[in-house]
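Listed here are the chains, written in short residue letters.
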Amino acid sequence: LKILRKLIFLFLYISYISSAQQTLFQSIFHDNIERHYIIHIPDSYNDKLSFPLVLCFHGYGGNASGMSYTNFNYVSDTANFIVVYPQGTLMKGKTHWNVGGWTLDSNTDDLGFIINLLDSLSEKYNINQSRIYSTGMSNGGYMSFLLACQLSERIAAIASVTGSMTPQTFNLCNPKHPTPILQIHGTNDQVVPYNGKPKWTLSINHILEYWINYNNCDISPTEIFFPDININDGSTVKKLTWLNGDSSVVIEHLIVNGGGHDWFGAWGNMDINSSEEIWRFFSKYDIHGRISR
């Protein structure tokens, strides 16, 4: 079974890199487990210059190669950052990230894996240590919040697409610096409900309130509406921004009214492109806050 899994992963990887020579399949050992990841290095990479790094986590039951739908490799090539897609381990036959909630039965040390991974990547590549970011879909969004809570000394900002925080992540959250947060979520998400489920996931308003208060942002947000350029997708997008946080950080929420459990721009709502919005957000910040231009 182990050999079969490796062959399947290798096949997916070969399919994934067929048009990208700078996309590499690699692995490290952590906790006596071989942990896989895919790394995409833009053509502009120069080891004499330090490059930002974006971690992009797949959802529950997903895999690293499947994250090609984000099109982050293209964004990486055009905006000059390295993107890494870590691979989760199996729990009850499903790939996952150990974030509490529905993954409470997991004993995988995913936090330790990411620490080890960042150390390993920092030895191989010239990474700007003040510009490491995390994003992900669903369970990958939960994992990004876990990093913001428990590895904030290395994570400058996060963006969650259809993810949230479990009660376990929330109760142990201990960020070390003002942290920009971008939350992208549909109001009609049937997998990670917008209004939460007390036993395993917090409501989106609850997590936003936590980070708004932690960052000392304005209580009331600014509000803008995106043009409804695709009237057939059954949804519209509003952006809420809580300004004036410590170190000039902000909290942003792209609320997709009528939107489902989607990576918007790849499927579902087509008025926004999630990956482009995420990099637009990340590019403004390093671990010290707003970057002076």
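As a reminder, the structure under discussion sits directly above these lines.
Residues numbered from 1 in each chain as written. Predicted model: local features only at pLDDT ≥ 70, side-chain atom pairs only at ≥ 80, totals over all residues. Heavy atoms only, no water.

### Description of the overall build of the chain
Then, in step 1: Helix and strand counts for the chain stand at seven helices and 14 strands.
Then, in step 2: By the compact-globule yardstick of 19 Å for 293 residues, the chain fits well, its C-alpha radius of gyration being 18 Å.
Then, in step 3: Summarising its shape, the C-alpha atoms of the chain cover approximately 50 × 45 × 40 Å along the three principal directions.
Then, in step 4: In the chain, which comprises 293 residues, the share counted as buried stands at 57%.
Then, in step 5: Considering only contacts in the chain between residues 6 or more positions apart, those separated by 24 or more positions represent 67%.
Then, in step 6: Of the accessible surface of the chain, which amounts to about 12,700 Å², a share of 52% is contributed by carbon and sulfur atoms. (Helix = DSSP H or I, 4+ residues; strand = E, 2+ residues; numbered from the N terminus. Rg over C-alpha atoms; globule rule 2.2 N^0.38 Å. Buried < 20%, exposed > 50% of the residue type's maximum accessible area, 1.4 Å probe, protein only. Contact = heavy atoms within 4.5 Å. Areas by Shrake-Rupley, 256 points an atom, 1.4 Å probe, with all protein chains shown as cover.)

### Some words on the packing of helix H2 (residues 72-79) against helix H7 (residues 274-282)
Then, in step 1: In the contact formed by H2 and H7, the axes pass within 10 Å of each other and the chain directions differ by 40°. When the interaxial angle is binned, H2 and H7 end up oblique. Judged by the twist between their axes, the crossing of H2 over H7 is right-handed. In contact with Phe72, Val75 and Ala79 of H2, H7 contributes Ser275, Ile278 and Trp279.
Then, in step 2: A breakdown of the residues in the contact of H2 with H7 according to their chemical character gives five nonpolar, one polar and no charged. (Axes fitted to C-alpha atoms, helices over the stretch in contact; angles between N-to-C directions. Parallel < 35°, antiparallel > 145°, perpendicular 65-115°, else oblique. Left-handed = near helix turned anticlockwise from the far one by under 90°. Nonpolar A, V, L, I, M, F, W, Y, C, P; charged D, E, K, R; others polar.)

### Points about the pairing of strand E9 (residues 181-186)
Then, in step 1: Along E9, six of the six residues are buried, which leaves the element largely enclosed by surrounding structure.
Then, in step 2: Pairing of strand E8 (residues 157-161) with E9 involves four bridges; the strand directions are parallel. Within E9, the residue paired with Ile158 across the bridge is Ile181.
Then, in step 3: As paired strands, E9 and strand E12 (residues 251-257) are joined by six bridges and run parallel to one another. (Pairing = 2+ DSSP bridges.)

### A closer look at the nonpolar core
Then, in step 1: Within the largest apolar cluster, 48 residues are counted, with the highest numbers of intra-cluster contacts made by Leu55, Ile114 and Trp211.
Then, in step 2: The element contributing the most residues to this core is helix H4 (residues 139-150), with seven residues.
Then, in step 3: Beyond its immediate stretch of four places on either side in the chain, Ile114 contacts Leu55, Phe57, Pro86, Met143, Leu147 and Leu151.
Then, in step 4: Ranked by size, the runner-up nonpolar core spans 33 residues in total, among them Phe81, Ile184, Val237 and Phe281. (Core = buried A, V, L, I, M, F, W, Y, C linked by side-chain atoms within 4.5 Å.)

### Brief notes about the pairing of strand E4 (residues 82-86)
Then, in step 1: Extensive coverage of E4 is indicated by the burial of five of its five residues.
Then, in step 2: The alternating pattern of E4 places Ile82, Val84 and Pro86 on one face and Val83 and Tyr85 on the opposite face, and all of these are buried.
Then, in step 3: In the sheet, strand E2 (residues 33-40) pairs with E4 via four bridges, with the strands oriented antiparallel. Bridging from a neighbouring strand, Ile39 pairs with Val84 of E4.
Then, in step 4: Regarding the hand of the β-α-β motif, the stretch spanning strand E3 (residues 51-57), H2 and E4 is right-handed. (Right-handed = clockwise from strand over helix to strand, strands pointing away.)

### Comments concerning the state of the cysteines
Then, in step 1: Under the criterion given, the structure shown has one disulfide.
Then, in step 2: Residue Cys149 pairs covalently with Cys173 via a disulfide, S to S 2.1 Å. Residues Cys149 and Cys173 share a disulfide whose torsion about the S-S bond is about -85°; that sign makes it left-handed. Remark: Cys173 occurs in the loop between helix H5 (167-171) and E9 and Cys149 occurs in helix H4; sequence separation between them is 24 residues. Cys173 carries the same exposure label as Cys149, and that label is buried.
Then, in step 3: Of all cysteine sulfurs, the one in Cys173 lies closest to Cys217, which takes part in no disulfide; the gap is 14 Å.
Then, in step 4: On the basis of relative accessible area, Cys217 is assigned to the buried category, the value being 9%. (Disulfide = S-S within 2.5 Å.)

### Overview of the pattern of salt bridges
When the charged atoms of two side chains with opposite charge come close together, those side chains can pair.
Then, in step 1: Taken as a whole and assessed by the stated rule, the structure comprises seven salt bridges.
Then, in step 2: A salt bridge links Arg35 to Asp110; its shortest N-O distance comes to 3.0 Å. Note that Arg35 is positioned in strand E2 and Asp110 in helix H3 (residues 110-124), a separation of 75 residues in sequence.
Then, in step 3: When salt bridges with common partners are traced through the structure, they connect Glu252, Glu277 and Arg280 into a single cluster. (Salt bridge = Lys/Arg side-chain N within 4 Å of Asp/Glu carboxyl O.)

### Considerations on the sheet that holds E4
Then, in step 1: On the basis of which strands lie adjacent, the open sheet formed by 10 strands has the order E1-E2-E4-E3-E7-E8-E9-E12-E11-E10 and mixed pairing. Two strands bound the open sheet, and with one partner strand each, they are strand E1 (23-30) and strand E10 (222-225). Averaged over neighbouring strand pairs, the angle between their axes works out to 20° when direction is ignored.

### Some points on the packing of H3 against H4
Then, in step 1: Remark: H3 packs on H4, axes separated minimally by 11 Å, with the N-to-C direction vectors making an angle of 75°. If you check the angle between H3 and H4, you find them roughly perpendicular. Residue-level contacts link Asp110, Leu111 and Ile114 of H3 to Met143, Leu147 and Gln150 of H4.

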